[in-house]
Amino acid sequence: MTEQPPAKKKCLGADCENDAGSLQCPKCLSLGIKGSFFCSQDCFKKNWNTHKELHKLASPETYNPFPTFSYTGPLRPVYPLSPKRVVPKSIPHPDYAESGIPGGGRTRSNKIEQLDEKGREGMRKVCRLAREVLDIAAAAIRPGITTDDLDKIVHEACIERNSYPSPLNYNFFPKSVCTSLNEVICHGIPDKRVLLDGDILNLDVTLYHEGYHGDLNETYYVGDKAKADPDSVRVVETARECLEEAIKLVKPGTLFRDFGNVIEAHAKSRGCSVIRTYVGHGINKTFHCPPNIPHYAKNRAVGECKPGMTFTIEPMIALGKYRDVTWPDNWTSTTIDGKRTAQFEHTLLVTETGVEILTARTADSPGGPVPMPTAAA
């Protein structure tokens, strides 16, 4: 317990704001787990029951690929990644499936497509399938399963529906779904990290089916501890409500910049912040295309809703600061202060009179709102 921590390392204690001292978990040292520093013996003892779960993740076959990186929170990647999963050639592939480089979207044109009835039906179908896949994966969430296990479930469910998992090899993303835990804002890469009771997990699923993409995500509680943690419930339910409030505005004539005003006002009313780096996006035959939908107030998004447009709204809400840090894998984005974050997303169709939520939950969808825990008497 004499090794000195890297400069400005934060204590691994839950919700501890102190810098780490020289105290490092002796069990982590024996297992070769680096960076397990605490500010004091008392903080170490207080967090032991949760921290010791990390020891279960360590084995001679797993490792942290970026041991010298200054992580902002307690989460670490658990490598090696499983081999790239295969999509049968009989299933139509998007243009980037082999090259990793999408051919359309933001680099092609700023024009916002308005779908005809054939296009709308194509989007309805793929979004319905995407909802089915997300619900199948969500039903498997439990302490002890790995995020790579969930990736396998998503991949196989896509194949069963004659669909390509859109994230796979999109700009070289290595997996079929994004799994974002705790302080991860978005784009988490599924690996051998075991889910723990008390985690919160976002699953972001997109399918490509018969020429169209359908995109949605939800944040779920892992086990009962997360549902009993006021901060976890606050950030998850605030994110859920922010999306619901924004969708209420969707109709012909609504300005794209207006959504952010409503989202940020609601987030602030719950003591949360809105991530600014990532936005909602147009989606149809192209995975990401115009328009951009910022989620923060006073943004300068140009344009307005018109019938036939399809796009996502997907607010990312944080307990702490809104700024983000990306891991060296060039995908995983985390909060700058290591505090928890949550996100919800729907693909939406602007109709002549309002909005159609193409990825809407069904009566059987796992998850759903959780009330704030009440203090024990």
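Note that the structure is a prediction, hence the values are computed from the model and not measured.

Peer 1: When you look at the overall build of the protein in this model, what are you seeing that I'm missing?
Peer 2: A tally of helices and strands in the protein yields eight helices and 17 strands. What you see for the protein is a C-alpha radius of gyration of 21 Å, in line with the 21 Å of a compact globule of 377 residues. Overall, the protein is about 65 × 45 × 40 Å in size when its C-alpha atoms are taken along their principal axes. Buried positions account for 54% of the 377 residues belonging to the protein. When contacts within the protein are restricted to residue pairs at least 6 apart in sequence, long-range pairs at least 24 apart make up 68% of them. Once the 47 positive and 46 negative side-chain charges of the protein are each reduced to a mean point, those two points are 3 Å apart.

Peer 1: Any chance you could explain the packing of aromatic side chains here in plain terms?
Peer 2: Note on aromatic pairs: each is described by the distance of the centres and the angle between the planes. Across all of its chains, the model carries eleven aromatic pairs by this definition. Between the aromatic rings of Phe66 and Tyr79, the centroid separation amounts to 6.2 Å while the plane-to-plane angle is 70°, which identifies the pairing as edge-to-face. Of the two residues, Phe66 is situated in the loop between α3 (48-51) and α4 (117-139) and Tyr79 in the loop between α3 and α4; the sequence distance between them amounts to 13 residues. On the accessibility criterion, Phe66 (18% relative accessible area) is buried.

Peer 1: Even after reading the chapter, I still don't get the side chain of Glu264, so can you show me in this structure?
Peer 2: Mapped onto the elements, Glu264 comes out in helix α8 (residues 258-269). Judged by its relative accessible area of 10%, Glu264 falls in the buried class. Those residues in contact with Glu264 that sit more than four places away from it in its chain are Val274, Arg276, His295, Tyr296 and Ala297.

Peer 1: I'm lost on the UniProt feature "binding site: a protein" (unreviewed entry) in the protein in this one. Help?
Peer 2: Within the UniProt annotation, "binding site: a protein" (unreviewed entry) is assigned to His187 and His288. What stands out for the annotated residues spanning 102 residues is how close their C-alpha atoms remain, the widest pair being 14.4 Å apart. Within the element layout of this structure, His187 appears in the loop between β5 (184-186) and β6 (200-209). Contact partners of His187, with chain neighbours within four places excluded, come to Phe173, Cys178, Ser180, Tyr278, Trp331 and Thr332. Within the local environment of His288, its side chain forms a polar contact with the side chain of Tyr170, the two groups lying 3.0 Å apart.

Peer 1: Before we go on, may I ask you to explain helix α5 (residues 147-160) in this structure?
Peer 2: Note on helix geometry: an α-helix contains 3.6 residues per turn, so any two residues three or four positions apart are oriented the same way. End to end, α5 covers 20 Å across 14 residues, agreeing with the expected 20 Å (1.5 Å per residue, within 8%). Taken residue by residue, α5 has Thr147, Asp148, Leu150, Asp151, Val154, His155, Ala157 and Cys158 as its buried positions. If you follow the buried residues of α5, they end up packed against α4, β3 (164-165), β4 (178-181) and β6. Just downstream of α5 lies Asn162, where phi reads positive at about 55°.

Peer 1: Can you help me understand the sheet that holds strand β15 (residues 341-343) in this one?
Peer 2: Read from one edge to the other, the open sheet built from three strands follows the order β8-β12-β15, with strand pairing classed as antiparallel. For this open sheet the edge positions go to β8 (273-274) and β15, each flanked by a neighbour on one side alone. Here β8 pairs with strand β12 (residues 316-318) via two bridges, running antiparallel. Pairing of Val274 across the sheet is with Ile317, part of β12.

Peer 1: Explain the sheet that holds β5 to me, please; I cannot follow it from the model alone.
Peer 2: The strands making up a sheet are joined through hydrogen bonds of the backbone, oriented either antiparallel or parallel. The strand order across the open sheet built from three strands is β5-β14-β13, with neighbouring strands paired in antiparallel fashion. Strand pairing shows two members of the sheet lacking a second neighbour, β5 and β13 (324-326), which therefore form its edges. Going from strand to strand, the sheet's axes swing by 40° on average, the running direction of each strand aside. Of the pairings in the sheet, the one linking β13 to strand β14 (residues 333-335) comprises three bridges and is antiparallel in character.

Peer 1: I would appreciate a short explanation of the pairing of strand β16 (residues 346-350) in the present structure.
Peer 2: Regular strands place their side chains on alternate faces of the sheet. Within β16, five of the five residues are buried, which leaves it mostly tucked inside the rest of the structure. The alternating pattern of β16 places His346, Leu348 and Val350 and Thr347 and Leu349 on opposite faces, both of which are buried. Where strand β11 (residues 310-313) meets β16, four bridges bridge the pair, whose relative direction is antiparallel. In the sheet register, Ile313 faces β16, and the bridge partner there is His346. With three bridges joining them, β16 and strand β17 (residues 355-357) adopt antiparallel strand pairing. The partner of Leu348 across the bridge, within β17, is Ile357.

Rules behind the numbers
- Numbers given to residues run from 1 along each chain, matching the order in which its sequence is written.
- A pLDDT threshold of at least 70 governs which residues receive local features in this predicted model, and a stricter bar of 80 or more applies before side-chain atom pairs are shown or counted, although totals over entire chains, interfaces and linings include all residues.
- Computation of side-chain values covers all heavy atoms of the structure but excludes hydrogens and water.
- Here a strand is any run of E in DSSP of at least two residues, a helix any run of H or I of at least four, and the numbering for each starts at the N terminus.
- Radius of gyration: over C-alpha atoms. The globule rule applied is 2.2 Å multiplied by the number of residues raised to the 0.38 power.
- Only protein chains enter the area calculation, which uses a 1.4 Å probe; residues under 20% of their type maximum are buried, those over 50% are exposed, and those in between are partly exposed.
- When checking whether two residues touch, look at their non-hydrogen atoms; a contact exists if any pair is within 4.5 Å.
- This count recognises Lys and Arg as positive and Asp and Glu as negative, with His and chain-terminal groups excluded.
- All charge positions are set by atom: Lys at NZ, Arg at CZ, Asp at CG, Glu at CD.
- Stacked, tilted and edge-to-face are the three classes applied to pairs of Phe, Tyr and Trp rings, where Trp contributes its six-membered ring and a pair requires centres within 6.5 Å; stacked means planes under 30 degrees apart, edge-to-face means over 60, and tilted covers the rest.
- UniProt positions are given in the numbering used here, feature names are shortened, and annotations may be inferred rather than shown by experiment.
- We call two N or O atoms a polar contact when they sit within 3.5 Å, provided that within protein one can donate a hydrogen and the other can accept it, with sequence-adjacent residues counted only if both atoms are side-chain atoms.
- Here the expected length of a helix is defined as 1.5 Å per residue gap, with one fewer gap than residues.
- In this description, strands pair whenever DSSP reports at least two bridges between them.
- For helices, the fitted line uses only the C-alpha atoms of the stretch in contact; every axis is such a line through C-alpha atoms, and the angle between N-to-C directions lies from 0 to 180 degrees.

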